[in-house]
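Descriptive analysis of the structure
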Amino acid sequence: MAYPSVYPTGTTMYDPSRCFNGFTVYEAKEHGVIVMDMNGHEVQYFKGLHGFPPKMLPGGKLLAQTGERSTKFSTQDKFDLVQVDWDGTVEWRFDRYEYIEDPGETPRWMARQHHDFQREGNPVGYYVPGMEPRTTGGNTMILGHKDVHNDTITNRLLLDDTVYEIDWEGNLLWEWVLSEHFDEIGFREDSKNTLYRHPNLRPARGGLADWAHTNSMSLLGPNKWFDAGDKRFHPDNIIICCRDLNSTMIISKDTGKIVWKMGPYYDTPELQAIGWIIGQHHAHMIPCGLEGEGNIIVFDNGGWAGYGSPNPASVTGEKYATRDYSRVLILSP
């Protein structure tokens, strides 16, 4: 079957009776953030903003970023996190997580935000009845990066993942660093060996180890499990998923410990019934008031990820788990 010679553009099919009708917010790389209706019409264009991701707030306000660090020195580091009104006027900005002095670049403060953030009032970043994110005041939880040396993991410089909380004035209130909890993840010795030698190196600075590649972060929010007495699911606890570890984890906000996890292996009867979760994204607990509340939903990418023993699909043991399709899972924790 030949490739098509004509590529349709714009909205090519729209059946309102079969759609969840609304608006789509996305980044058009190198241009800005666009709000689009179901017919493909541009409703609003926030010129020059980045979206990693862009999130709409009540009143037509937008949380996004104004720029990205040069890929010569890092990967997916955003300059800042800004709140703008419908006309694009900046109302709030945060960038003072780390002062960066890259050779040949203008020194500047950066948030080093990547992949996710949540504004107080809403744990998951999308519309939930009765859980509106705050637009004046309130704290913000941010998924960020930090350069870390940890010879237990690898002798290469880590592009490590952090979760940190700031208040409205930009003061750092709380910080959690993934590499400090390496022993809690539960790697076997073969995985540790592979990870040490092949820690998902990025081209930046001659090889920066993006060892975990955490790609989502949410608060659990109110839930029936905590109401029934299970302290692992405290509403303030945080769920993250680490793409390259094939792992989803819940962090205690109080102690910093990992109190619940799926992965990096799927070898209990319950996890064998689910099957391997590989390279996942957007793991979060479904909020109260929505169908399936209290369950964990995760997009299981498939593809490749993880660290283990060398095998025919991975001669080094890096990216050792593979599957050629994706799926969406809703799971009881």
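Each remark here, short or long, concerns the structure printed above.
Residues numbered from 1 in each chain as written. Predicted model: local features only at pLDDT ≥ 70, side-chain atom pairs only at ≥ 80, totals over all residues. Heavy atoms only, no water.

1. A short note on the nonpolar core
Within the largest apolar cluster, 31 residues are counted, with the highest numbers of intra-cluster contacts made by Val 163, Ile 185, Trp 211, Ile 238 and Ile 240. By size, the runner-up hydrophobic cluster in this structure holds 16 residues, among which are Phe 233, Ile 250, Val 298 and Leu 329. (Core = buried A, V, L, I, M, F, W, Y, C linked by side-chain atoms within 4.5 Å. Buried < 20%, exposed > 50% of the residue type's maximum accessible area, 1.4 Å probe, protein only.)

2. Some words on the pairing of strand β7 (residues 90-94)
Looking at chain direction, strand β6 (residues 81-84) and β7 are connected through 4 bridges and run antiparallel. Among the inter-strand pairings, Leu 81 is bridged to a residue of β7, identified as Phe 94. (Pairing = 2+ DSSP bridges. Helix = DSSP H or I, 4+ residues; strand = E, 2+ residues; numbered from the N terminus.)

3. What to know about the side chain of Thr 75
Along the chain, Thr 75 falls in the loop between β5 (61-65) and β6. Beyond its immediate stretch of four places on either side in the chain, Thr 75 contacts His 145, Leu 159 and Arg 202. (Contact = heavy atoms within 4.5 Å.)

4. A closer look at the pattern of salt bridges
Tallied over the entire structure, the rule returns 23 salt bridges. In this structure, Asp 300 engages Arg 327 in a salt bridge whose closest nitrogen and oxygen atoms are separated by 2.7 Å. Remark: Arg 327 occurs in strand β24 (residues 327-331) and Asp 300 occurs in strand β21 (residues 296-300); sequence separation between them is 27 residues. Asp 300 gets classed as buried once you look at its relative accessible area, which sits at 0%. (Salt bridge = Lys/Arg side-chain N within 4 Å of Asp/Glu carboxyl O.)

5. Quick notes on the packing of aromatic side chains
On inspection of all chains with the given rule, the structure shows 9 aromatic pairs. The interplanar angle of 40 degrees and the centroid separation of 5.6 Å between the aromatic rings of Phe 182 and Phe 187 together place this pair among those described as tilted. Like Phe 187, Phe 182 is buried. Taking the centre distance of 5.9 Å and the plane angle of 90 degrees together, the rings of Trp 276 and Tyr 320 count as edge-to-face. With a gap of 44 residues between them, Trp 276 in the loop between α4 (269-274) and β20 (281-285) and Tyr 320 in strand β23 (residues 318-323) connect regions that are remote in the sequence. Across from the ring centre of Tyr 265, 3.7 Å away, lies the NZ or CZ of Arg 188, which sits over that ring. Sitting over the ring of Trp 174, Lys 253 keeps its end group 5.4 Å from the ring centre. (Phe/Tyr/Trp six-rings, centres within 6.5 Å; stacked < 30°, edge-to-face > 60°. Lys NZ or Arg CZ within 6 Å of the ring centre and 35° of its normal.)

6. Here we look at the sheet that holds strand β17 (residues 238-242)
The strand order β16-β17-β18-β19 describes an open sheet built from 4 strands, whose pairing is antiparallel. Of all strands in the sheet, those bounded by a partner on one side alone are β16 (214-219) and β19 (258-262). Each neighbouring strand pair of the sheet contributes to a mean axis angle of 20 degrees, computed without reference to strand direction. With 5 bridges joining them, β17 and strand β18 (residues 247-251) adopt antiparallel strand pairing. Counterpart to Cys 242 in the pairing with β18 is Ser 247. (Axes fitted to C-alpha atoms, helices over the stretch in contact; angles between N-to-C directions.)

7. Section: the environment of Val 82
Relative to the helices and strands, Val 82 is located in strand β6. Counting along the chain gives 10 residues from Val 82 to Trp 92, while the straight-line C-alpha distance between them is 5.5 Å. Sequence-distant contacts of Val 82, that is, excluding residues within four places in its chain, are made with Leu 49, Leu 62, Leu 63, Ala 64, Gln 65, Thr 66, Val 90, Trp 92 and Arg 93.

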